[in-house]
Amino acid sequence: MTLTLTPAADQGAELARFAAEVSCARIPAHVLRRAEDLFLDWMACALAGRSGESVQALERFVERHAKPGDAELLTSRKRVDPLFAAMLNSGASHMVEQDDVHNGSVFHAAAVVFGPALALAQSRKASGAQMLEAIVAGYEVGIRVGEFLGRAHYKRFHTTATAGCVAAAATAGRLLNLNAEQMAWAFGSAATQAGGLWEYLREGAQSKQLHCAHAAMAGITAAELAADGYTGARRALEGAGGMGASMSEGADPAKLVDGLGTRWTLAESSFKFHASCRHTHPAADALQKLMQREHLKHEDLADVLCGVHQSAIDVLAPIVEPSSVHQSKFSMGTVLGLIAVFGRAQLPDFDEHYLDPKVVAVRKKVRMTLDAEVEGAYPARWIGKVWVKTTDGRSFEARVDEPKGDPGNTLSRPELEDKAQRLASYARGASEREMKAIIQRVWNLEHETSVQDWLT
C-alpha cells in the first residue's frame, strides 16, 4: 500500500486516513503473519496476568460495572460488553512483563491494541481478516505516535499509556469502519484523554496495568463517539496545543507519516524473552552469554558493570531495593542476579527468588553506567554491554547487539508456541490442550470466519 501525501497535508489527518483505509489486500503477507505471532503472544500474556493482584482488582471493578455482552474476559471466561472486556484484557496482558515492545518508540503496542481488537471484533461478529486490519492499523498508528513524541516524552510519561490511547482509537475505528474524517476525530478525542505517570514505579504502585486498561477504553470511547458524529481536534497530535507541543520537546510531525504503506512498523516489534522490563534485557543477555562462555558461577562475581542508555538509568536506577515481585522486574540488579544464579529470569524465578540471598548478593554488585555507544544507538538499537570482575581478580566483558526477541534475533513460531504454553500454565489460564487449539486457530487467523469463543 503506497500512500501519496499532499504537499500541505496535516500529518495527523494523513495518519488517520491511512488507518481508515488499510486493508488485508494491501498488507504484505509477512506483516499479517507477524500480526498473528503477536496476537498469540498477547493472548498468552493476558492469561498469565490473571492472577495479579492489580488485575483481580480490575476484574472486580468490571464485575460491578459491566453489562453482559459478546466479548470474552480472558481472565475469567465470562462475557461482557466490549468496553469493559477491552479494559480488563488489556490490563491483564501488561501484568507479567512479557508483552512485546517496539524499540524505536519504546511502546508496548500489544497491550493497547489487541484488547480493543478482540473485544470489538467479537461484539461485531467480525472475521479474522477484519480483526487483522484493525490490529495493523493500531500498531502502525501507535508506534508512529510514540516515535513522534520521542525520548523527551518517555522521560516524563509512560508512552504505552499515552500513544496507547491513539493506537486503541485506530484499532477500534477500523473495526467500526470510520471514514478518514471520523478517524481523525477519534484521534483527537483519544489524544485529549492521554496520560500515564512514571511515579507509580518509584512507589511500587499498581497503576501500570491501569495505564493499558484506560488506553483501551479511551480508544474505544473516542472511536464510538466519532462514529456518532462527535468531533475531535484534527491536529490533536501535531497542533500548537496538541500532544507533541504539550507533552514532549522537539516532537517531529514527519514521523507520524514516515513510510506509511511501505515501512510496516508492526514487523519491527520485539518479543520479550526474559520476564522483566525490556531495558534490562540487553545486559541480561550479555551477562548470560559471558557466564556461559567463561563457565562462571554466581559466587565468582565480585563486580558487574552494565553499559546502558540514559532511559534505562531513568527507569531502573530508582529501584534499589525492590519491595514487590513486579518492582523487582525493574531492578537491573535483581534481573542479573537471577541470570547469574539460575541462568534465566522467567516468571516463576521472580515469584520465588527475587529476595533469595544469593540473588540479593549479586544485585548489590551490579552497577549501571551511561555508555556513549549504547546511548547513541538507542532507541533504534538496544545494545547490551557488561564488564565483570571475579573474586580471584580476573576481568571479562561481553556485548550483545541484538537481544533475544528483536527482529534480527526473533522468536520462531515453535519458540512462541513454547512461550505461550508456559504463560498459559503459569496462572492456570488455559490447559495445554486448550492452548494447542488456540495456537492452530491463531496461525489461521486471516481465514477465520469468526473470532468468537477462544476460551468459552
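The notes below deal with the structure included here. (Residues numbered from 1 in each chain as written. Predicted model: local features only at pLDDT ≥ 70, side-chain atom pairs only at ≥ 80, totals over all residues. Heavy atoms only, no water.)

**Thoughts on the packing of helix α19 (residues 413-426) against helix α20 (residues 432-442)**
Where α19 contacts α20, the axes come no closer than 10 Å and their chain directions differ by 140 degrees. As judged from the angle between their axes, α19 and α20 are oblique. Where α19 crosses over α20, the two elements pack in a sense that is right-handed. Within the contact between the two elements, α19 uses Glu417, Ala420, Gln421 and Ala424 and α20 uses Glu432, Met435, Lys436 and Ile439. Among the residues making up the contact of α19 with α20, the classes are represented as 4 nonpolar, 1 polar and 3 charged. (Axes fitted to C-alpha atoms, helices over the stretch in contact; angles between N-to-C directions. Helix = DSSP H or I, 4+ residues; strand = E, 2+ residues; numbered from the N terminus. Parallel < 35°, antiparallel > 145°, perpendicular 65-115°, else oblique. Left-handed = near helix turned anticlockwise from the far one by under 90°. Contact = heavy atoms within 4.5 Å. Nonpolar A, V, L, I, M, F, W, Y, C, P; charged D, E, K, R; others polar.)

**Side note on the packing of helix α3 (residues 53-65) against helix α4 (residues 82-93)**
Each pair of packed helices can be described by the angle between their axes along with the distance between the axes. Axis separation between α3 and α4 bottoms out at 9 Å; the angle between their running directions is 175 degrees. When the axis of α3 is compared with that of α4, the two are roughly antiparallel. Contacts between α3 and α4 involve Val55, Leu58, Glu59, Phe61, Val62 and His65 on the former and, on the latter, Phe84, Met87, Leu88, Gly91 and Ala92. Tallied by class, residues from the contact of α3 with α4 come to 8 nonpolar, 2 polar and 1 charged.

**Re the layout of surface pockets**
What the largest pocket holds in volume is close to 400 Å³. In this structure, the largest pocket is lined by 22 residues; those nearest its centre are Gly52, Glu53, Met95, Val325 and His326. Among the elements of the structure, α3, α9 (199-203), α10 (207-227) and α14 (325-328) are those that each provide at least two residues to the lining of the largest pocket. In terms of residue count, α14 provides more of the lining of the largest pocket than any other element does, 3 residues in total. A breakdown of the residues in the lining of the largest pocket according to their chemical character gives 8 nonpolar, 10 polar and 4 charged. (1 Å grid on protein atoms, 1.4 Å probe; cavity = no way out; pocket = protein on both sides within 12 Å on 5 of 7 lines; lining within 4 Å. Points joined across faces, edges and corners; volume = space filled by probe spheres on them.)

**A short note on the pattern of salt bridges**
Considering all chains together, one arrives at 39 salt bridges under this definition. Across the salt bridge formed by arginine 413 and aspartate 37, the nearest N and O atoms sit 2.6 Å from each other. Of the two residues, arginine 413 is situated in helix α19 and aspartate 37 in helix α2 (residues 29-48); the sequence distance between them amounts to 376 residues. We note a salt bridge from aspartate 314 to lysine 155, for which the minimum N-O separation is 3.2 Å. Residue aspartate 314 is found in helix α13 (residues 310-316), and its partner lysine 155 is found in helix α6 (residues 128-156); the two are separated by 159 residues along the sequence. (Salt bridge = Lys/Arg side-chain N within 4 Å of Asp/Glu carboxyl O.)

**Notes on the environment of serine 51**
Structurally, the position occupied by serine 51 is in the loop between α2 and α3. C-alpha separation for the pair serine 51 and alanine 92, spaced 41 residues apart in sequence, amounts to 8.8 Å. Leaving out residues up to four positions away in the same chain, serine 51 has contacts with Gln56, Tyr426 and Ala427.

**Focus: the side chain of arginine 278**
Along the polypeptide, arginine 278 turns up in the loop between α11 (243-247) and α12 (281-294). Classification of arginine 278 as buried rests on a relative accessible area of 3%. Apart from residues lying up to four places away in sequence, arginine 278 is in contact with Val101, Asn103, Ser270, Phe271, Lys272, Trp382, Pro403, Lys404, Gly405 and Asp406. (Buried < 20%, exposed > 50% of the residue type's maximum accessible area, 1.4 Å probe, protein only.)

Just geometry here; none of it tells us what the structure is for.
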